[in-house]
Amino acid sequence: MTFSLRKKEILIDILVRLPAKSLVRFLCTCESWSDLIGSSSFVSVHLNRNVTKHAHVYLLCLHHPNFERQADPDDPYVEQKFHWSLFSNETFEECSKLSHPLGSTERYGIYGSSNGLVCISDEILNFDSPIHIWNPSVRKLRTPPMSANINVKFSHVALLFGFHPGVNDYKVVRMMRTNKNALAVEVYSLRTDSWKMIETIPPWLKCTWQHHKGIFFNGVAYHIIEKGPLFSIMSFDSGSEGFEEFLAPDAICNSWGLCIDVYKEQICLLSTFYDCEEEDMEKSDFWVLQEKRWKQLSPFIYPSNCYSTMGISIDNELLMQRRDHIKGGADLYLCNYESRQVLETGLRLGTVTYGEIEFLFSVTYIETLVLLNS
């Protein structure tokens with residue numbers, strides 16, 4: 001019995017190092033392997049290893065598949081062909097294309113990635129847009145029911161998705177606003193497969209927030225909001241369902257080049273509004289949220305070359321883009337905080353336009369077995 005137990009431990013130690021796609025193929029090897037790989041304990045061990053060791057990490061990007069695209073980007077009759085694909089986080093080679101899991105030919109947006117799951121919905125969100133929680137590695141999909149709470153049409157909708165470790169559940173937070181600034185927030189729980197409308201909205205949240213990207217971290221949704229000339233950060237805990245407001249640093253006075261992300265397990269703000277004091281260099285001013293206060297760190301500094309800041313990578317490097325106004329889209333770069341070195345990835349991101357606002361998407365994806373047994 002001891003020898004058999006030891007063999008099983010060795011087998012688990014080997015299998016847990018493999019990518020999810022390989023493990024899915026092994027499900028057909030034999031019944032004992034299928035039971036092992038599909039067990040909740042193995043799925044948990046595999047997830048924890050990949051997350052803590054940053055194993056099997058990819059960049060998930062909306063990109064131009066044809067880098068030599070000759071179409072006129074200003075021609076409204078020329079359709080821009082974009083694809084969501086997984087790229088190696090080390091070599092930036094394309095590993096796989098991600099078609100819509102339901103076979104739809106419509107373009108879709110990704111509104112969060114956590115533990116191998118991605119939240120997808122319509123590229124242009126409406127109050128009744130269908131939402132899907134998808135693990136592309138194991139080709140498993142969960143489609144939340146349509147919310148029964150909505151009886152008003154909203155002019156703007158935002159989605160954020162992630163994992164809440166405190167309640168051990170995956171959450172979708174949907175914020176909706178009418179033209180008269182009426183606001184609604186509802187939360188979907190993957191565990192209960194149900195929506196809940198948040199009844200009490202603080203009065204300070206009646207403001208402008210629709211033009212900014214949010215972030216979901218440790219079960220809390222964060223969003224940049226504007227109150228006239230002032231900026232704040234709204235936080236909403238999807239477990240306790242409580243709101244909180246953090247006034248932005250006084251130096252932030254413009255939304256241009258402003259974004260929110262996570263740096264070394266801390267919420268951070270990046271702003272590229274001010275010029276760099278060093279010749280031929282640019283900078284992104286940099287703050288982290290510590291004990292509910294903003295602490296300013298040394299800025300990200302990089303060579304002046306018309307870059308714009310997008311966020312922070314899983315390796316705590318600055319994600320930057322440089323627009324190509326002739327061929328369309330933007331080239332993706334990484335900047336190291338300490339060395340200031342800029343790395344060209346060779347990836348050309350596609351541009352998604354909402355009115356006068358343009359967005360580019362590049363998020364981190366980690367292969368896991370989550371949803372394997374759903």
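Treat the numbers as computed from the prediction; the structure is a model and nothing was measured. (Residues numbered from 1 in each chain as written. Predicted model: local features only at pLDDT ≥ 70, side-chain atom pairs only at ≥ 80, totals over all residues. Heavy atoms only, no water.)

A word on the overall build of the chain. When helices and strands are counted, the chain shows four helices and 26 strands. Within the chain, buried positions represent 50% of all 374 residues. Within the chain, residue pairs in contact and separated by at least 24 positions form 49% of the contacts whose partners lie at least 6 positions apart. When the accessible surface of the chain is split by element, carbon and sulfur atoms take 49% of a total near 18,900 Å². (Helix = DSSP H or I, 4+ residues; strand = E, 2+ residues; numbered from the N terminus. Buried < 20%, exposed > 50% of the residue type's maximum accessible area, 1.4 Å probe, protein only. Contact = heavy atoms within 4.5 Å. Areas by Shrake-Rupley, 256 points an atom, 1.4 Å probe, with all protein chains shown as cover.)

So, on to the confidence of the model for the chain. Confidence in the prediction for the chain averages 85 pLDDT; 88% of positions are at 70 or higher. The least confident element of the chain is strand 25 (residues 357-359), whose mean pLDDT is 59; the most confident is strand 12 (residues 215-217), at 96. Counted against residues more than four places away or in other chains, residues 67-73, with its pLDDT under 50, gives 13 contacts. Segment residues 75-79 is flagged for pLDDT under 50; beyond a separation of four residues in sequence, or across chains, it makes two contacts in the model. (pLDDT = per-residue confidence, 0-100.)

Mapped onto the present numbering, the UniProt feature "domain: F-box" (unreviewed entry) falls at residues 9-42. Taken end to end, residues 9-42 is 71% helix and 0% strand, and its two terminal C-alpha atoms sit 11 Å from one another. (UniProt positions renumbered as here; feature names shortened; annotations may be inferred.)

This part is about the sheet that holds strand 17 (residues 266-271). In spatial order, the strands read 16-17-18-19; together these four strands make up an open sheet with antiparallel pairing. Either end of the sheet is taken by a strand with one partner, and the two such strands are strand 16 (258-263) and strand 19 (293-303). Across the sheet, the mean angle separating the axes of adjacent strands is 30° when strand polarity is ignored. Note that strand 16 and strand 17 share six bridges and pair antiparallel. (Pairing = 2+ DSSP bridges. Axes fitted to C-alpha atoms, helices over the stretch in contact; angles between N-to-C directions.)

Counted according to the given criterion, the structure contains 15 aromatic pairs. A ring pair is formed by Y302 and Y307, whose centres lie 6.1 Å apart and whose planes are at 75°; its orientation type is edge-to-face. Residue Y302 shares its accessibility class with Y307, and that shared class is buried. Counting every residue linked through ring pairs, the aromatic cluster contains Y263, F286, F300 and Y337. Across from the ring centre of W195, 4.2 Å away, lies the NZ or CZ of R174, which sits over that ring. (Phe/Tyr/Trp six-rings, centres within 6.5 Å; stacked < 30°, edge-to-face > 60°. Lys NZ or Arg CZ within 6 Å of the ring centre and 35° of its normal.)

What follows covers the nonpolar core. A general trend in soluble globular proteins is that nonpolar side chains are found buried together. Counting 21 residues, the largest nonpolar core has L117, I133, F161, Y170, V172 and L190 as its most contacted members. When residues of this core are traced back to their parent elements, those giving at least two are strand 5 (117-122), strand 8 (156-164), strand 9 (169-177), strand 10 (183-189) and strand 11 (194-197). Setting aside residues up to four positions removed in sequence, Y170 forms contacts with L47, S114, N115, L117, F161, G162, F163, Y188, S189, L190 and V370. Counting 18 residues, the second-largest nonpolar core is a separate cluster that includes I224, I233, F246 and V262. (Core = buried A, V, L, I, M, F, W, Y, C linked by side-chain atoms within 4.5 Å.)

Relative to the helices and strands, K283 is located in strand 18 (residues 281-290). Distance from K283 to P299, taken between C-alpha atoms, is 6.1 Å for residues 16 residues apart in sequence. If we skip the residues at most four places from it in the chain, K283 touches S271, T272, Y274, D275, C276, E277, P299, F300, I301 and Y302. Within the local environment of K283, its side chain forms a polar contact with the side chain of E277, the two groups lying 3.4 Å apart. For K283, the side chain forms a polar contact with the side chain of D285, separated by 3.4 Å. (Polar contact = N/O pair within 3.5 Å; in protein donor to acceptor, adjacent residues only side chain to side chain.)

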